[in-house]
Amino acid sequence: MSATRHTRVLIIGSGPAGYTAAVYASRAMLEPILVQGIQPGGQLTITTDVENWPGDASVMGPDLMVRMENHAREMGAEIISDHISDLDLSQRPFRASGDTGTTYTADAVILATGAQARWLGLPSEEHFKGFGVSACATCDGFFYRGQEVVVIGGGNTAVEEALFLTNFASKVTLIHRRDSLRAEKIMQDRLFKHPKIEVLWNHEVDEVIGTDAPRGVEAVKARHVETGAITEVPCKGFFVAIGHAPASELIKDQLKLHSGGYVWVEPMARPARRLVAFLRREV
Ligand code: NDP
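Rules behind the numbers
- Residues numbered from 1 in each chain as written.
- Predicted model: local features only at pLDDT ≥ 70, side-chain atom pairs only at ≥ 80, totals over all residues.
- Heavy atoms only, no water.
- Helix = DSSP H or I, 4+ residues; strand = E, 2+ residues; numbered from the N terminus.
- Buried < 20%, exposed > 50% of the residue type's maximum accessible area, 1.4 Å probe, protein only.
- Contact = heavy atoms within 4.5 Å.
- Areas by Shrake-Rupley, 256 points an atom, 1.4 Å probe, with all protein chains shown as cover.
- Pairing = 2+ DSSP bridges.
- Axes fitted to C-alpha atoms, helices over the stretch in contact; angles between N-to-C directions.
- Left-handed = near helix turned anticlockwise from the far one by under 90°.
- Disulfide = S-S within 2.5 Å.
- Near = heavy atom within 4 Å.
- Polar contact = N/O pair within 3.5 Å; in protein donor to acceptor, adjacent residues only side chain to side chain.
- Core = buried A, V, L, I, M, F, W, Y, C linked by side-chain atoms within 4.5 Å.

Considerations on the overall build of the protein
- A count of helices and strands for the protein gives seven helices and 18 strands.
- With the principal axes as the frame, the protein shows a C-alpha extent of 65 × 40 × 40 Å.
- The proportion of buried residues among the 283 residues of the protein is 40%.
- Contacts in the protein between residues at least 24 apart in sequence constitute 58% of all its contacts with a sequence separation of at least 6.
- Just so you have it, the protein exposes about 15,500 Å², and 53% of that area is on carbon and sulfur atoms.

Overview of the sheet that holds strand β16 (residues 230-234)
- In space, the three strands of this open sheet follow the order β14-β15-β16, with antiparallel pairing throughout. The open sheet has two edge strands, β14 (203-212) and β16, and neither has a second partner. Strand-to-strand twist of the sheet, defined as the mean angle between neighbouring strand axes without regard to direction, takes the value 25 degrees.
- With nine bridges connecting them, β14 and strand β15 (residues 215-224) associate as antiparallel partners. Residue pairing for β15: E204 is matched across the bridge by R223.

So, unusual backbone geometry
- The omega angle of the peptide bond from R92 to P93 is -5 degrees, so this bond is cis rather than trans.
- Counting through the fold element by element, P93 comes out in the loop between β6 (84-88) and β7 (94-98).
- Cis geometry marks the peptide bond from A213 to P214; its omega dihedral reads 0 degrees.
- Among the structural elements, P214 can be located in the loop between β14 and β15.
- Positive phi, normally seen in glycine, also occurs at E31, with a value near 45 degrees.
- Locating E31 in the fold gives a position in the loop between α1 (16-27) and β2 (33-35).
- Overall, E31 belongs to the exposed group, its relative accessible area being 59%.
- Despite not being glycine, N202 shows a phi value in the positive range, around 55 degrees.
- With respect to the helices and strands, N202 occurs in the loop between β13 (197-200) and β14.

Considering the packing of helix α5 (residues 156-165) against helix α6 (residues 185-193)
- One way to put it is that α5 packs onto α6 with a least axis distance of 10 Å and a crossing angle of 35 degrees. Of the two elements, α5 crosses α6, and the hand of that crossing is left-handed. Of the residues in α6, those in contact with N156, V159, E160, A162 and L163 of α5 are M187, Q188, R190 and L191.

Details of the state of the cysteines
- Enumeration over the complete set of coordinates arrives at one disulfide.
- Paired by a disulfide, C136 and C139 hold their sulfur atoms 2.0 Å apart. On the sign convention where negative means left-handed, the S-S torsion of about 75 degrees between C136 and C139 marks this disulfide as right-handed.
- Owing to a relative accessible area of 40%, C139 belongs among the partly exposed residues under this scheme.

Observations regarding the site of the ligand
- Near the ligand lie 19 residues; those nearest to it are N52, T157, E160, R178 and R182.
- One of the side-chain N or O atoms of N156 is found 3.0 Å from an oxygen atom in the ligand.
- Contact distances for the ligand include 2.7 Å between an oxygen atom and a side-chain N or O atom of R182.
- In isolation the ligand offers 920 Å² of accessible surface; the protein chains occlude 69% of this area.

Some thoughts on the side chain of S124
- Looking at the element boundaries, S124 is found in helix α3 (residues 123-127).
- Aside from chain neighbours lying at most four places away, what touches S124 is E207 and V208.

Considering the environment of V151
- With respect to the helices, strands and loops of the structure, V151 is situated in strand β11 (residues 148-152).
- Separated by 112 residues in sequence, V151 and V263 place their C-alpha atoms 30 Å apart.
- In this structure, V151 is in contact with A158, E161, A162, L165, V172, T173, L174, I175, F239 and A241, ignoring residues within four places of it in sequence.

Examining the nonpolar core
- V151, V172, L174 and L191 are the most contacted members of the largest nonpolar core, which has 21 residues in total.
- Beyond its immediate sequence surroundings of up to four residues, V172 is in contact with V149, V151, A162, L165, T166, K196, I197 and E198.
- Residues V50, M68, A77 and A108 belong to the second largest nonpolar core, which totals 20 residues.

The structure is reproduced here in structure tokens:
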């Protein structure tokens with residue numbers, strides 16, 4: 001059944017940013033509505049140990065997100081299981097359409113839609129997605145027990161994925177396009193010490209090689225960035241961990257964006273003050 005709900009503050013997204021916004025907006029008595037999206041809790045729900053959340057030396061990502069959701073609820077935020085598929089910022093109040101048929105009207109919208117995993121963009125990567133190519137070790141690592149896998153990337157995600165995969169795989173090769181990683185030093189230390197992990201420096205992946213019947217990955221073709229020499233690295237699983245792209249689809253034709261797709265924002269002080277002044281008028 002279609003319905004229209006009005007709120008002063010509509011928060012779109014249920015990662016740490018969304019729940020934090022919900023806590024603050026609730027405490028400001030703005031009675032926010034938070035729409036969770038397709039993956040309630042966001043990316044932390046598909047990770048394992050989080051060791052850099054202040055106050056917890058180690059906490060599981062999914063547990064942390066349940067705590068954040070409960071916190072926002074206790075502060076008074078209304079949390080709705082729905083997915084916003086359209087947002088119209090051309091008129092006030094702003095209008096958002098949910099997949100459930102509900103229309104949300106709002107005096108202010110907080111976009112907390114986060115980001116999604118980036119892919120290399122290779123046709124062979126697309127062909128084997130879900131058949132050996134993955135962007136989530138915690139989701140798919142289990143399928144590679146006793147097998148060799150490759151991870152590509154040099155950031156925290158890649159190192160974390162490589163370390164996690166050692167729980168299942170017989171060997172993990174981390175392929176990185178430079179000769180140093182950008183991951184935190186403590187993570188690098190764990191990676192370099194791990195007997196199952198090998199790093200292939202200065203290489204990019206050009207192609208995923210596999211079979212079609214049954215569809216599955218057999219190797220990746222890696223090219224040395226300077227010499228062009230090709231190395232075939234055998235693997236049954238290929239994990240892409242090369243960063244994230246902002247989920248800015250909803251507003252891409254309505255707001256100014258940076259070239260990377262992130263929303264261009266004015267320096268913080270003025271818009272924040274203006275938003276608070278605007279909302280106070282409505283209280
Ligand atoms: P990052 O942007 O930090 O790293 C992306 C990596 O992928 C870089 O090493 C980059 O190489 C490489 N890369 C990018 N494009 C390509 C390409 N086309 N081909 C090959 N390699 C490519 O992304 P992450 O997802 O790792 O992390 C995002 C943020 O989240 C960071 O701030 C990170 O610290 C944080 N994070 C924190 C965690 C934690 O604290 N537990 C866990 C996971 C993420 P190059 O280095 O050459 O640019």
